[in-house]
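Listed below are the residues making up each chain.
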Amino acid sequence: MKKIIVPVDFSEFSEYALEAASFLARKNNAEILALHMLEISTAVINKADNIKQLESLFFLKLAEKKFKEFLNKDYLKDIKVTPIVKHFKVFSEVNEVAKENQADLIVMGSQGASGIKEVLVGSNTEKVVRHSDIPVLVIKHNPILMEFENMVFACDFTEEAVQQYLRAKEMAKKLDSKMHLVYVNMPGTKFRSSAEIEKQVATFLRKADGGIEKMNEVNYVNDYSIEEGILNFSNIIGADVIAVATHGRKGVAHFFEGSISEDIANHSTLPVMTFKI
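Scoring rules and cut-offs
- Residues numbered from 1 in each chain as written.
- Predicted model: local features only at pLDDT ≥ 70, side-chain atom pairs only at ≥ 80, totals over all residues.
- Heavy atoms only, no water.
- Helix = DSSP H or I, 4+ residues; strand = E, 2+ residues; numbered from the N terminus.
- Buried < 20%, exposed > 50% of the residue type's maximum accessible area, 1.4 Å probe, protein only.
- Contact = heavy atoms within 4.5 Å.
- Areas by Shrake-Rupley, 256 points an atom, 1.4 Å probe, with all protein chains shown as cover.
- Pairing = 2+ DSSP bridges.
- Right-handed = clockwise from strand over helix to strand, strands pointing away.
- Arc of directions from axis to C-beta.
- Core = buried A, V, L, I, M, F, W, Y, C linked by side-chain atoms within 4.5 Å.
- Phe/Tyr/Trp six-rings, centres within 6.5 Å; stacked < 30°, edge-to-face > 60°.
- Lys NZ or Arg CZ within 6 Å of the ring centre and 35° of its normal.
- Axes fitted to C-alpha atoms, helices over the stretch in contact; angles between N-to-C directions.
- Parallel < 35°, antiparallel > 145°, perpendicular 65-115°, else oblique.
- Left-handed = near helix turned anticlockwise from the far one by under 90°.
- Polar contact = N/O pair within 3.5 Å; in protein donor to acceptor, adjacent residues only side chain to side chain.
- Salt bridge = Lys/Arg side-chain N within 4 Å of Asp/Glu carboxyl O.

**Q** Break down the overall build of the protein for me, with residues and values.
**A** What the protein contains, in helices and strands, is nine helices and ten strands. Classification of the 277 residues of the protein by burial places 52% in the buried group. In the protein, the proportion of contacts linking residues at least 24 apart, taken out of those at least 6 apart, comes to 77%. For the protein, the exposed surface amounts to about 14,000 Å²; the carbon and sulfur share of it is 50%.

What follows is the structure, encoded as structure tokens:
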């Protein structure tokens, strides 16, 4: 892991993300790209009106000053931090910055939500997750300790999930994490017998790993929903991060036969890492 992007909006949640990124950067000798999206359109910046241009310049300098103060943190000492200011708040640009700089990970803070309201829908975090081609780590709390010893990767073991499994496996290696594979079996029409599940898992592992050596490492959980199964399993093993897959056009976590709702990120107190299908 060489480069980590942290979108910054000066909120306490982006500071959580920045601190979490500092742990990862220090551990991997990586650079942090601190990205601030300045809400000034290109049309305004390029406008011939001198007053408008002066206003744009004023807000740009003000943002740069605030940005410099925001990045003055003790936990960033001895870490290479490169500030980047982009004009206008277009969150698809975060992925463009990631491509330009060959970044490995985006770390974002999210306030989350309560009740039935989805944590990421309509939020800046959700927009970044939708457009990002690289993994996004969502941080919801002040990171007291960022040791990712145990990563849970929930999978339906279909062909569609192979690439996400391989990417999660690679990320687990970078984070020095043990990856726990879990299949959640549910009652009703989605119920699978032990023989059916094992056959599907064997086919999946042959395609993904070239063999079935990891068959004994797959955890089978029975629960009333995918979300409950993942969260309960994560609590039981003392997981440090939950990894899920995403469809770009549909928000968070749609790699099962139906979908994993945003409840995983909404109800989890753990960091959640997304991998785009």
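Now that the structure has been shown, the text picks up again.
**Q** Would you mind going over the pairing of strand β7 (residues 178-185) in detail, with residue names and values included?
**A** Most of β7 sits inside the fold, with seven of its eight residues counted as buried. Pairing between strand β6 (residues 150-154) and β7: five bridges, direction parallel. Note on β7: the bridge partner recorded for Phe153 is Leu181. Between the parallel pair β6 and β7, the chain is carried across by helix α6 (residues 162-174), and the sense of this crossover is right-handed.

**Q** Please set out helix α5 (residues 124-131) residue by residue, giving values where relevant.
**A** For an α-helix, the turn length of 3.6 residues means that residues three or four places apart are oriented alike. What α5 keeps buried is the set Thr125, Glu126, Val128 and Val129. Along the long axis of α5, the arc covered by the buried residues comes to 160 degrees, so they all point the same way.

**Q** Describe in detail the nonpolar core, supporting the description with residues and values.
**A** Judged by nonpolar contacts, the single largest core of 54 residues is most densely connected at Ile4, Val6, Val107, Leu137, Met151, Phe204 and Met273. With eight residues, helix α1 (residues 12-28) is the single largest residue contributor to this core. Excluding residues within four positions of it along the chain, Met273 makes contact with Leu105, Pro135, Val136, Leu137, Met151, Met171, Leu175, Val241, Ile242, Ala243 and Val244.

**Q** Hey, could you go over the environment of Lys174 for me, with residue numbers and the actual values?
**A** Inspection of the secondary structure puts Lys174 in helix α6. Given a relative accessible area of 25%, Lys174 falls into the partly exposed group. Between the C-alpha atoms of Lys174 and Met1, which are 173 residues apart in sequence, the distance is 6.4 Å. The residues contacting Lys174, other than those within four sequence positions of it, are Met1, Asn28 and Asp104.

**Q** Which residues make up the packing of aromatic side chains, and what are the values?
**A** For the structure shown, the criterion picks out six aromatic pairs. Ring centres of Phe10 and Phe70 lie 5.6 Å apart, and the angle between their planes is 70 degrees; this geometry places the pair in the edge-to-face category. With Phe10 in the loop between β1 (3-8) and α1 and Phe70 in helix α3 (residues 50-70), this pair connects stretches of sequence that are 60 residues apart. Look at Phe70 and you get buried, because its relative accessible area is 9%. Between the aromatic rings of Phe157 and Tyr183, the centroid separation amounts to 6.2 Å while the plane-to-plane angle is 35 degrees, which identifies the pairing as tilted. Note that Phe157 is positioned in the loop between β6 and α6 and Tyr183 in strand β7, a separation of 26 residues in sequence. Taking NZ or CZ as reference, Lys73 lies 4.2 Å from the ring centre of Phe70, over its face.

**Q** Please set out the side chain of Ser234 residue by residue, giving values where relevant.
**A** Summarising the element assignment, Ser234 is placed in helix α8 (residues 226-237). Take Ser234: its relative accessible area is 1%, and that puts it in the buried class. The residues touching Ser234, leaving out its near neighbours within four places in the chain, are Val152, Ala239, Ile242 and Leu270.

**Q** Any chance you could break down the packing of α6 against helix α7 (residues 194-209) for me, citing the residues and the numbers?
**A** Packed helix pairs are specified by the crossing angle of their axes together with the interaxial distance, meaning the distance between the axes. Following both chains from N to C, one finds α6 and α7 inclined at 60 degrees, their axes separated by 10 Å at the closest point. For the element pair α6 / α7, the angle class is oblique. In terms of crossing hand, the pair formed by α6 and α7 is right-handed. On α7, the residues touching Val162, Tyr165, Leu166 and Lys169 of α6 are Phe204, Leu205, Lys207, Ala208 and Asp209.

**Q** Can you explain the side chain of Lys140? Please cite residues and give values.
**A** By the element assignment, Lys140 lies in the loop between β5 (136-139) and β6. The exposure class of Lys140 is buried, given its relative accessible area of 12%. Looking at Lys140, its side chain comes within polar contact range of the main-chain oxygen of Ser268, at 3.4 Å.

**Q** Let's hear about the pattern of salt bridges: which residues, and what values?
**A** Scanning all chains against the criterion turns up eight salt bridges. Across the salt bridge formed by Lys99 and Asp133, the nearest N and O atoms sit 3.6 Å from each other. Taken together, the residues Lys99 in helix α4 (residues 92-101) and Asp133 in the loop between α5 and β5 connect sequence positions 34 residues apart. Where Lys214 meets Glu217, a salt bridge forms, and the shortest distance between an N and an O atom there is 3.7 Å. Looking at Lys214, the relative accessible area reads 25%, which means it is partly exposed. Under the relative-accessibility criterion, Glu217 is labelled partly exposed at 43%. Among the charged side chains, a salt-bridge network with shared partners connects Asp104, Glu170 and Lys174.

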